[in-house]
Amino acid sequence: GLFYNEDVLQESMFARLAGVHERILAVKADGPRKLDLREFGPVKRETRLTGQAPAHDPAYQTWLRANVIPQKPEGYFVAGIRVDLGDIKADLLRRLAQVVRRFGEGTIRTTQRQNFALRWVSREELYPLYRELADIGLARPGADGVSDLVCCPGSATCNLGLCHSRGLSSAITETLEGNGLDLHELKDITVKLSGCTNACGQHPIGHIGLHGAARRNDGKLAPYYQFLVGGRVEE
């Protein structure tokens, strides 16, 4: 059996708590620590490459309309780079880094929609940037659009996943982009998927949301989806 002296145990616990309290007071007495922040240089606003967009380049015009939004300072833009399901291979990421260094602020940001965003792109840089992205296969339009779904890994890699959400996400994207609809008209609609009831795929805030579930079918558990409509982030 296990025997212990309760008085000795309590005395030991109080001693440890007192030591923790003393340490907390010492840390507070030192004052706030200076944050070790990475210093960024000034935003690079000079045009690295120049080039006029052809008057009739439908692919560029589609990319411009779908993936580029203006910033508040006149003449500068944010270029969205679509990465389906948030996946990108290492060699392609290195090639993208070489492109990013020459445009905008020279750095890239990830987004909550599983894409990349390049800020401070000047008007003169837009077409050269598009050409560079097209050369490495990253000029696909529709970044953050209705067919650019947010999706968690689902049962492909997650032990909690009930459904293979990545497969459904790809199927929805393929269907939306192959049905002839003007997806730009629907660009403000978001579709989000999660492989289970947890919200890793942000399904509660999607205009259309789906999350994995299970129900009995002929006496056996089978994967199903719960369908939600009208999710939003507001009061």
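Every value quoted in this text rests on a predicted model; they were computed, and no experiment measured them.

A.B. asks: Any chance you could break down the overall build of the protein chain for me, citing the residues and the numbers?
C.D. replies: Helix and strand counts for the protein chain stand at five helices and eight strands. The N-to-C order of helical and strand elements in the protein chain reads α-α-β-β-α-β-β-α-β-α-β-β-β. Residues counted as buried form 33% of the 235 residues belonging to the protein chain. A separation of at least 24 residues holds for 61% of the contacts in the protein chain among residues at least 6 apart in sequence. Carbon together with sulfur atoms contributes 55% to the accessible area of the protein chain, which is approximately 15900 Å² in total.

A.B. asks: Which residues make up the state of the cysteines, and what values go with them?
C.D. replies: On inspection of all chains with the given rule, the structure shows zero disulfides. Just so you know, Cys-151 is unpaired, no disulfide at all, and the nearest cysteine sulfur is the one on Cys-152, 5.2 Å from it. In this structure Cys-200 is a free cysteine whose sulfur lies 5.9 Å from that of Cys-152, the closest cysteine sulfur available.

A.B. asks: Give me the sheet that holds strand β1 (residues 68-70): which residues, what numbers.
C.D. replies: By way of backbone hydrogen bonds, the strands of a sheet pair with one another, either parallel or antiparallel. A sheet is described by the order of its strands in space; here four strands give the open sequence β1-β2-β4-β3, paired in antiparallel fashion. Each of the sheet's edge strands pairs with one partner strand only, and the pair in question is β1 and β3 (109-110). As judged from the two bridges shared by β3 and strand β4 (residues 116-122), these two strands associate in the antiparallel manner. From the neighbouring strand, Arg-109 faces β4, where its bridge partner is Ala-117.

A.B. asks: Quick rundown of helix α4 (residues 126-135)? Include the residues and the values.
C.D. replies: Given 3.6 residues per helical turn, the α-helix brings residues three or four places apart onto the same face. If you check which residues of α4 are buried, you get Leu-126, Tyr-127, Pro-128, Leu-129, Tyr-130 and Leu-133. Among the structural elements, α2 (58-67), β1, β2 (76-81), α3 (90-100) and β4 are those in contact with the buried residues of α4. Trailing α4 by a residue or two, Gly-137 shows a phi angle of about 80 degrees, which is positive.

Cut-off values and rules
- Residues numbered from 1 in each chain as written.
- Predicted model: local features only at pLDDT ≥ 70, side-chain atom pairs only at ≥ 80, totals over all residues.
- Heavy atoms only, no water.
- Helix = DSSP H or I, 4+ residues; strand = E, 2+ residues; numbered from the N terminus.
- Buried < 20%, exposed > 50% of the residue type's maximum accessible area, 1.4 Å probe, protein only.
- Contact = heavy atoms within 4.5 Å.
- Areas by Shrake-Rupley, 256 points an atom, 1.4 Å probe, with all protein chains shown as cover.
- Disulfide = S-S within 2.5 Å.
- Pairing = 2+ DSSP bridges.

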